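The chain contents come next:
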Amino acid sequence: MPILPESFRRSIGMEVARFRFRKQRNEIISFSRSLSGAHRALVIMPMHRTEPLPVVSLVDLLRRRFPERGLTVVTWGPSLGLMQMLPHSQFIRILETEINPFFLPRRETMRRIESTAYDVAIDLNLDLVLPSGYICRESNARVRIGFAGKRSDLFYNFQIKSHPVSGRRDVYDRLAACLEMF
(Lines give C-alpha, C1' and ligand atoms only; values in the text may rest on other atoms or scores of the structure.)
Protein backbone atom coordinates (compact mmCIF):
# COMPACT_ATOMS: atom_id res chain seq x y z
CA MET A 1 0.00 0.00 0.00
CA PRO A 2 1.54 3.33 -1.05
CA ILE A 3 2.14 5.96 1.61
CA LEU A 4 0.07 9.08 1.05
CA PRO A 5 1.94 12.41 0.99
CA GLU A 6 1.73 14.48 4.19
CA SER A 7 -0.02 17.41 2.48
CA PHE A 8 -2.72 15.08 1.13
CA ARG A 9 -3.24 13.47 4.56
CA ARG A 10 -3.40 16.92 6.18
CA SER A 11 -5.97 18.00 3.58
CA ILE A 12 -8.09 14.93 4.34
CA GLY A 13 -7.81 15.68 8.07
CA MET A 14 -9.01 19.25 7.48
CA GLU A 15 -12.00 17.99 5.48
CA VAL A 16 -12.84 15.48 8.23
CA ALA A 17 -12.75 18.35 10.77
CA ARG A 18 -14.96 20.51 8.54
CA PHE A 19 -17.41 17.63 8.19
CA ARG A 20 -17.34 16.96 11.95
CA PHE A 21 -18.10 20.59 12.83
CA ARG A 22 -20.43 21.39 9.89
CA LYS A 23 -23.62 21.55 11.95
CA GLN A 24 -22.11 23.21 15.00
CA ARG A 25 -22.65 26.92 14.72
CA ASN A 26 -20.85 29.45 16.85
CA GLU A 27 -23.26 31.34 19.03
CA ILE A 28 -22.95 35.09 19.05
CA ILE A 29 -21.41 36.05 22.36
CA SER A 30 -20.06 39.14 24.04
CA PHE A 31 -16.37 38.92 24.80
CA SER A 32 -16.53 41.49 27.56
CA ARG A 33 -15.83 39.67 30.81
CA SER A 34 -15.35 36.42 28.87
CA LEU A 35 -12.09 35.71 30.71
CA SER A 36 -12.80 37.41 34.00
CA GLY A 37 -16.02 35.41 34.39
CA ALA A 38 -14.43 32.07 33.40
CA HIS A 39 -13.46 29.39 35.90
CA ARG A 40 -11.79 26.68 33.79
CA ALA A 41 -9.32 27.16 30.95
CA LEU A 42 -7.61 24.85 28.49
CA VAL A 43 -4.26 26.08 27.17
CA ILE A 44 -2.74 24.28 24.18
CA MET A 45 1.00 24.81 23.94
CA PRO A 46 2.67 25.09 20.51
CA MET A 47 3.14 21.72 18.88
CA HIS A 48 6.42 22.30 17.08
CA ARG A 49 8.98 24.32 18.97
CA THR A 50 12.72 24.15 19.16
CA GLU A 51 13.46 26.86 21.72
CA PRO A 52 11.95 27.64 25.13
CA LEU A 53 8.60 29.33 24.78
CA PRO A 54 8.48 32.99 25.85
CA VAL A 55 5.06 32.87 27.51
CA VAL A 56 5.92 34.30 30.92
CA SER A 57 3.50 37.25 30.58
CA LEU A 58 0.75 34.91 29.40
CA VAL A 59 1.36 32.43 32.24
CA ASP A 60 1.26 35.32 34.73
CA LEU A 61 -2.09 36.43 33.31
CA LEU A 62 -3.50 32.89 33.50
CA ARG A 63 -2.29 32.47 37.10
CA ARG A 64 -4.07 35.69 38.06
CA ARG A 65 -7.30 34.87 36.21
CA PHE A 66 -7.71 31.18 37.00
CA PRO A 67 -7.17 29.17 40.12
CA GLU A 68 -4.34 26.83 39.18
CA ARG A 69 -6.56 23.80 39.60
CA GLY A 70 -8.85 25.41 37.03
CA LEU A 71 -6.13 25.38 34.39
CA THR A 72 -5.40 22.43 32.08
CA VAL A 73 -2.33 22.58 29.84
CA VAL A 74 -1.92 20.41 26.73
CA THR A 75 1.72 19.77 25.85
CA TRP A 76 3.38 17.82 23.06
CA GLY A 77 6.66 17.06 24.79
CA PRO A 78 8.57 17.56 28.01
CA SER A 79 7.35 20.63 29.89
CA LEU A 80 9.23 20.66 33.18
CA GLY A 81 9.71 24.45 33.18
CA LEU A 82 6.01 25.05 32.62
CA MET A 83 5.10 22.48 35.27
CA GLN A 84 7.27 24.36 37.75
CA MET A 85 5.51 27.63 36.87
CA LEU A 86 2.06 26.04 37.27
CA PRO A 87 2.58 23.32 39.91
CA HIS A 88 -1.11 22.76 40.71
CA SER A 89 -2.43 22.74 37.14
CA GLN A 90 -3.43 19.62 35.26
CA PHE A 91 -1.13 18.65 32.37
CA ILE A 92 -2.11 16.45 29.44
CA ARG A 93 0.84 15.32 27.36
CA ILE A 94 -0.03 14.11 23.88
CA LEU A 95 2.35 11.76 22.13
CA GLU A 96 2.82 11.48 18.36
CA THR A 97 1.16 8.06 18.47
CA GLU A 98 -2.02 9.73 19.76
CA ILE A 99 -2.42 11.64 16.48
CA ASN A 100 -3.89 9.66 13.58
CA PRO A 101 -2.43 9.64 10.03
CA PHE A 102 -4.74 12.53 9.10
CA PHE A 103 -3.34 14.77 11.88
CA LEU A 104 -6.38 14.48 14.15
CA PRO A 105 -6.24 13.40 17.80
CA ARG A 106 -7.44 9.87 18.41
CA ARG A 107 -10.74 9.35 20.26
CA GLU A 108 -9.02 8.14 23.46
CA THR A 109 -6.95 11.33 23.51
CA MET A 110 -10.04 13.50 23.12
CA ARG A 111 -11.75 11.68 26.00
CA ARG A 112 -8.98 12.86 28.34
CA ILE A 113 -9.58 16.45 27.27
CA GLU A 114 -13.38 16.23 27.18
CA SER A 115 -13.49 14.86 30.73
CA THR A 116 -13.53 18.48 31.95
CA ALA A 117 -15.80 21.35 30.92
CA TYR A 118 -13.89 24.49 29.90
CA ASP A 119 -15.04 28.09 29.71
CA VAL A 120 -12.03 29.19 27.64
CA ALA A 121 -9.62 27.35 25.33
CA ILE A 122 -6.45 29.05 24.07
CA ASP A 123 -4.31 27.62 21.27
CA LEU A 124 -0.81 29.13 21.38
CA ASN A 125 0.32 27.90 17.95
CA LEU A 126 1.12 30.94 15.81
CA ASP A 127 0.00 29.09 12.66
CA LEU A 128 -2.96 26.76 12.40
CA VAL A 129 -1.80 23.31 13.49
CA LEU A 130 -4.60 20.84 12.81
CA PRO A 131 -4.36 18.70 15.99
CA SER A 132 -4.28 21.79 18.24
CA GLY A 133 -7.11 23.55 16.41
CA TYR A 134 -9.20 20.39 16.55
CA ILE A 135 -8.61 20.01 20.30
CA CYS A 136 -9.53 23.66 20.83
CA ARG A 137 -12.81 23.31 18.92
CA GLU A 138 -13.71 19.91 20.34
CA SER A 139 -13.17 21.20 23.90
CA ASN A 140 -16.60 22.88 23.57
CA ALA A 141 -15.27 25.91 25.40
CA ARG A 142 -17.56 28.91 25.04
CA VAL A 143 -14.57 31.09 24.02
CA ARG A 144 -11.95 29.50 21.76
CA ILE A 145 -8.94 31.73 21.16
CA GLY A 146 -6.32 31.24 18.45
CA PHE A 147 -4.25 33.17 15.96
CA ALA A 148 -5.89 34.29 12.71
CA GLY A 149 -5.07 32.44 9.53
CA LYS A 150 -6.50 30.45 6.66
CA ARG A 151 -9.36 28.23 7.95
CA SER A 152 -8.89 29.43 11.55
CA ASP A 153 -12.55 30.40 11.77
CA LEU A 154 -13.46 26.71 11.74
CA PHE A 155 -11.73 26.26 15.10
CA TYR A 156 -11.70 29.64 16.91
CA ASN A 157 -14.36 32.22 17.66
CA PHE A 158 -11.84 34.81 18.90
CA GLN A 159 -8.83 35.31 16.63
CA ILE A 160 -5.71 37.39 17.21
CA LYS A 161 -3.56 38.61 14.32
CA SER A 162 0.11 37.78 14.65
CA HIS A 163 2.54 39.92 12.71
CA PRO A 164 5.32 37.88 11.08
CA VAL A 165 7.90 40.62 11.70
CA SER A 166 7.35 40.44 15.46
CA GLY A 167 9.32 38.00 17.54
CA ARG A 168 7.54 35.23 19.41
CA ARG A 169 7.91 37.09 22.70
CA ASP A 170 6.21 40.19 21.25
CA VAL A 171 3.34 38.14 19.85
CA TYR A 172 2.67 36.39 23.17
CA ASP A 173 3.04 39.65 25.11
CA ARG A 174 0.46 41.23 22.77
CA LEU A 175 -1.83 38.24 23.25
CA ALA A 176 -1.56 38.61 27.04
CA ALA A 177 -2.28 42.37 26.79
CA CYS A 178 -5.29 41.69 24.56
CA LEU A 179 -6.68 39.02 26.89
CA GLU A 180 -6.13 41.31 29.88
CA MET A 181 -8.90 43.54 28.50
CA PHE A 182 -11.48 40.79 28.94
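Residues numbered from 1 in each chain as written. Predicted model: local features only at pLDDT ≥ 70, side-chain atom pairs only at ≥ 80, totals over all residues. Heavy atoms only, no water.

Caption draft 1: Here's a closer look at the sheet that holds strand E4 (residues 120-123). The strand order E3-E2-E1-E4-E5-E6 describes an open sheet built from six strands, whose pairing is parallel. Single-partner strands in this sheet number two, and they are strand E3 (90-93) and strand E6 (158-160). Recorded for the sheet is a direction-independent mean angle of 15° between the axes of neighbouring strands. Pairing of E4 with strand E5 (residues 143-147) involves three bridges; the strand directions are parallel. Across the sheet, residue isoleucine 122 finds its bridge partner in E5, namely isoleucine 145. (Pairing = 2+ DSSP bridges. Helix = DSSP H or I, 4+ residues; strand = E, 2+ residues; numbered from the N terminus. Axes fitted to C-alpha atoms, helices over the stretch in contact; angles between N-to-C directions.)

Caption draft 2: Layout of the nonpolar core. In terms of nonpolar packing, the biggest core is built from 29 residues, with Leu58, Val120, Leu124, Ile145, Leu175 and Leu179 touching the most fellow members. Within the residue set of this core, elements represented by two or more residues are strand E1 (41-44), helix H2 (56-65), strand E2 (71-75), E4, E5, E6 and helix H6 (168-180). Non-local contacts of leucine 124, meaning those with residues more than four positions away in its chain, are made with Val43, Ile44, Met45, Pro46, Val55, Leu58, Phe147, Tyr172 and Leu175. Residues Ala17, Ile44, Val74 and Tyr134 belong to the second largest nonpolar core, which totals 24 residues. (Core = buried A, V, L, I, M, F, W, Y, C linked by side-chain atoms within 4.5 Å. Buried < 20%, exposed > 50% of the residue type's maximum accessible area, 1.4 Å probe, protein only. Contact = heavy atoms within 4.5 Å.)

Caption draft 3: Geometry of the pairing of E1. Side-chain alternation along E1 places Ala41 and Val43 on one buried face and Leu42 and Ile44 on a second face that is also buried. Sheet analysis places E1 next to E2, joined by four bridges and oriented parallel. Opposite isoleucine 44, over in E2, you have valine 74 as the bridge partner. Note that E1 and E4 share four bridges and pair parallel. The residue bridging alanine 41 from the neighbouring strand is valine 120, located in E4.

Caption draft 4: Examining the pattern of salt bridges more closely. Summed over all chains, the structure comprises nine salt bridges. Linking arginine 20 and glutamate 138 is a salt bridge whose minimum nitrogen-to-oxygen distance equals 2.5 Å. In this pair, arginine 20 sits in helix H1 (residues 6-20) while glutamate 138 sits in helix H5 (residues 130-138), placing the two residues 118 residues apart along the sequence. A relative accessible area of 35% places arginine 20 in the partly exposed class. (Salt bridge = Lys/Arg side-chain N within 4 Å of Asp/Glu carboxyl O.)

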